[in-house]
Amino acid sequence: MGEIERRFHSVTLDKPMCKGCTTCIRYCPTQAIRVQQGKAKIISERCIDCGECIRRCQYRAKKAITDGFEVMDRYKYKIALPAPAFCGQFSKAGDFDIILTGLKMLGFDHVFEVARGAEVVTEKMKELIKNGEVELPVISSACPAVVRLIAVKYQDLMSHVAPLTSPMEVAAEMARKEAREKTGLSDEEIGVFFITPCPAKVTAIKWPMALQKSNVDWAISIKDVYMRLAHSISKIKDVEHLCQSGPNGVRWANHGGEAEALGIRRYIAVDGIANVIGVLDQLEDEKINGVDFIEALACTGGCVGGCLTVENNFVANSRIRRISGKLEDKVGKIEEDMHLYWDKKIEYQPFSPLDADFSVAMQKAIRMNEIFEGLPQLDCGSCGAPSCRELAEDIVRGKANETDCIFKLRERVSALAREMAELESKMPPSME
């Protein structure tokens with residue numbers, strides 16, 4: 001895997017669109033954004049691709065890199081892999097078969113629901129919890145933004161994360177195997193396209209943390225697919241029976257859907273990245289007890305709240321519950337050759353140290369605390385950093401100056417004004 005691919009992030013900045021307003025730095029959960037010289041800058045090692053900056057930026061300067069429909073032409077057989085959230089986007093579709101048929105109208109040869117992968121992961125998670133394979137409470141690994149958040153911020157919680165591949169990856173593996181057996185084509189001739197609700201899943205495909213290589217080839221945003229289907233979906237006449245999933249798999253799109261599917265009593269279902277951080281902080285501080293499972297989703301409302309969706313997340317949630325209620329219950333079948341565990345253990349990935357030399361790093365840490373104590377500690381963000389502590393760190397790293405703080409700048413200007421006044425009073429009288 002090349003350096004560019006290893007460092008891929010779906011979340012990116014459209015610099016000309018950025019007005020330097022500092023809104024994004026206030027909402028970034030990992031302090032991954034700075035505003036310098038009037039423009040935002042994303043720090044790659046800190047970004048978890050949660051999409052919060054995309055959601056908050058009123059100037060649309062933060063965008064998600066996804067794939068276009070033109071990549072479909074590279075394959076003889078094309079499989080659409082719609083996320084469960086996709087089925088909550090269409091107000092004019094009375095059932096899932098209409099929506100899935102619409103995908104085939106776009107040129108896909110087959111549609112394989114990610115909800116079917118969710119049903120398999122549900123059964124495997126039940127086994128994992130029952131057998132005590134992971135330290136309780138087990139944290140779901142379904143949301144890649146949350147997994148990456150834990151990897152960069154919560155070293156002590158790494159042992160709680162379920163080492164299971166996501167429903168997207170399981171569904172892609174199942175779909176590709178089915179296509180090989182049906183068509184006789186090779187993997188290279190079969191294209192698997194995930195219809196994604198969020199940038200974090202795009203990054204999980206392009207830069208997987210726990211897999212050698214993703215089973216998915218490309219990621220097309222729900223928004224892009226919606227734009228092509230919205231006006232024609234109500235006119236579909238020949239509806240194919242394509243829906244093969246049950247209600248529990250489909251409801252993974254909603255907040256609490258995975259936990260409900262597990263059928264366990266002692267769980268926490270938390271959504272919204274700020275709320276997730278609150279729960280993880282308490283878990284790390286050993287303030288949460290008597291819980292077996294934590295479903296943590298970065299987007300408010302669950303995947304239906306992803307920044308690449310179209311419909312209001314509350315409306316989509318209600319629609320999915322209503323339509324999925326018509327489906328027959330399904331239990332995911334675990335095949336012996338299924339790839340359900342991570343290829344490799346995810347290591348703790350803390351932010352870069354202040355210096356490679358430990359003694360120098362300690363000196364810089366002391367200096368950073370001294371600078372921080374001298375700052376107003378208002379965390380106003382006017383300096384372009386999310387907090388005074390982050391500004392102090394940036395100063396020590398040589399990426400900012402104390403006068404970036406407007407209060408320190410005012411102090412400096414006032415001091416210079418006093419010095420100028422004193423000098424003026426000591427000047428000799430004019431010859432005139």
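In what follows, the structure referred to is the one given above.
Structure report, in brief. Here the structure is a predicted model, which means the values were calculated and not measured.

Along the protein chain, the regular secondary structure elements total 16 helices and eleven strands. Dimensions of the protein chain along its principal axes, counting C-alpha atoms only, are 100 × 50 × 40 Å. The proportion of buried residues among the 432 residues of the protein chain is 53%. The long-range fraction of contacts in the protein chain, counting pairs at least 24 apart against all pairs at least 6 apart in sequence, stands at 78%. Summed over its atoms, the accessible surface of the protein chain is roughly 21100 Å², and 49% of this surface lies on carbon and sulfur atoms. Within the protein chain, one finds 58 positive and 62 negative side-chain charges whose respective centroids are separated by 5 Å.

Looking now at empty space enclosed by the protein. All told, the structure shown has eight cavities of 30 Å³ or more when counted by the stated rule. Estimates place the volume of the largest cavity at around 260 Å³. Forming the walls of the largest cavity are 19 residues, and the residues nearest its centre are Ser141, Pro144, Ser166, Ala204 and Trp342. Taken together, the elements giving at least two residues each to the lining of the largest cavity come down to helix H6 (144-153), helix H7 (167-183) and helix H8 (199-206). A per-element tally of the lining of the largest cavity places H6 first, with three residues. Counted by class, the lining of the largest cavity contains 13 nonpolar, three polar and three charged residues. Roughly 200 Å³ of volume is contained in the second largest cavity. Lining the second largest cavity are 20 residues, with Pro84, Pro167, Lys201, Trp252 and Cys303 sitting closest to its centre. Those elements that place two or more of their residues in the lining of the second largest cavity are helix H5 (114-130), H7 and strand E11 (293-297). Looking at side-chain class alone, the lining of the second largest cavity contains 15 nonpolar, two polar and three charged residues.

Turning our attention to the sheet that holds strand E9 (residues 218-221). Strand order across the open sheet formed by four strands is E6-E5-E8-E9, with parallel pairing between neighbours. Each edge of the open sheet carries a strand with a single partner, namely strand E6 (110-111) and E9. Bridge analysis of strand E5 (residues 77-82) against strand E8 (residues 190-196) gives six bridges, and the strand direction is parallel. Counted as the bridge partner of Ile79 is Val192 from E8. Together, E8 and E9 form the strand contacts of helix H9 (residues 222-229), whose direction differs from that of E9 by roughly 60 degrees.

This next bit is on the packing of aromatic side chains. Within the structure shown, the criterion is met by four aromatic pairs. A centroid spacing of 5.8 Å and a plane angle of 90 degrees characterise the contact between Tyr75 and Phe193, whose relative ring orientation is edge-to-face. A residue pair is termed long-range when its members are at least 10 positions apart, and Tyr75 in the loop between strand E4 (62-64) and E5 and Phe193 in strand E8 qualify at 118 residues. The exposure class of Tyr75 is buried, given its relative accessible area of 14%. Taking relative accessible area as the criterion, Phe193 reaches 0% and is therefore assigned buried. Measuring from centroid to centroid gives 5.7 Å for Phe108 and Phe193, while their planes differ by 65 degrees, and the two rings are edge-to-face.

Another point: the packing of H5 against H7. Running from N to C, H5 and H7 cross one another at 110 degrees; their axes reach a closest spacing of 7 Å. By the angle class used here, H5 and H7 are roughly perpendicular. By crossing handedness, the relation of H5 to H7 is classed as right-handed. Counted together, Val114, Arg116, Gly117, Ala118, Val120 and Val121 of H5 and Pro167, Met168, Val170, Ala171, Met174 and Glu178 of H7 form the full contact between these two elements. When its residues are assigned to classes, the contact of H5 with H7 shows nine nonpolar, one polar and two charged.

On to the pattern of salt bridges, then. For the structure shown, the criterion picks out 26 salt bridges. Across the pair Arg319 and Glu311 runs a salt bridge, and its minimum N-O distance is 3.1 Å. The class of Arg319 is buried, set by a relative accessible area of 7%. A relative accessible area of 22% means that Glu311 is categorised as partly exposed. Across the pair Glu411 and Lys408 runs a salt bridge, and its minimum N-O distance is 3.5 Å. Taken together, the residues Glu411 and Lys408, both in helix H16 (residues 406-425) and three residues apart, mark about one turn of the helix. Judged by relative accessible area, which is 48%, Glu411 ranks as partly exposed. For Lys408, a relative accessible area of 16% gives the class buried. Ionic contacts of the salt-bridge type, sharing partners, join the residues Arg34, Arg46, Glu390, Glu393, Asp394 and Arg397 into one network.

Each value, and the rule that gives it
- Residues numbered from 1 in each chain as written.
- Predicted model: local features only at pLDDT ≥ 70, side-chain atom pairs only at ≥ 80, totals over all residues.
- Heavy atoms only, no water.
- Helix = DSSP H or I, 4+ residues; strand = E, 2+ residues; numbered from the N terminus.
- Buried < 20%, exposed > 50% of the residue type's maximum accessible area, 1.4 Å probe, protein only.
- Contact = heavy atoms within 4.5 Å.
- Areas by Shrake-Rupley, 256 points an atom, 1.4 Å probe, with all protein chains shown as cover.
- Lys, Arg positive; Asp, Glu negative; His and termini not counted.
- Charge placed at Lys NZ, Arg CZ, Asp CG, Glu CD.
- 1 Å grid on protein atoms, 1.4 Å probe; cavity = no way out; pocket = protein on both sides within 12 Å on 5 of 7 lines; lining within 4 Å.
- Points joined across faces, edges and corners; volume = space filled by probe spheres on them.
- Nonpolar A, V, L, I, M, F, W, Y, C, P; charged D, E, K, R; others polar.
- Pairing = 2+ DSSP bridges.
- Axes fitted to C-alpha atoms, helices over the stretch in contact; angles between N-to-C directions.
- Phe/Tyr/Trp six-rings, centres within 6.5 Å; stacked < 30°, edge-to-face > 60°.
- Parallel < 35°, antiparallel > 145°, perpendicular 65-115°, else oblique.
- Left-handed = near helix turned anticlockwise from the far one by under 90°.
- Salt bridge = Lys/Arg side-chain N within 4 Å of Asp/Glu carboxyl O.

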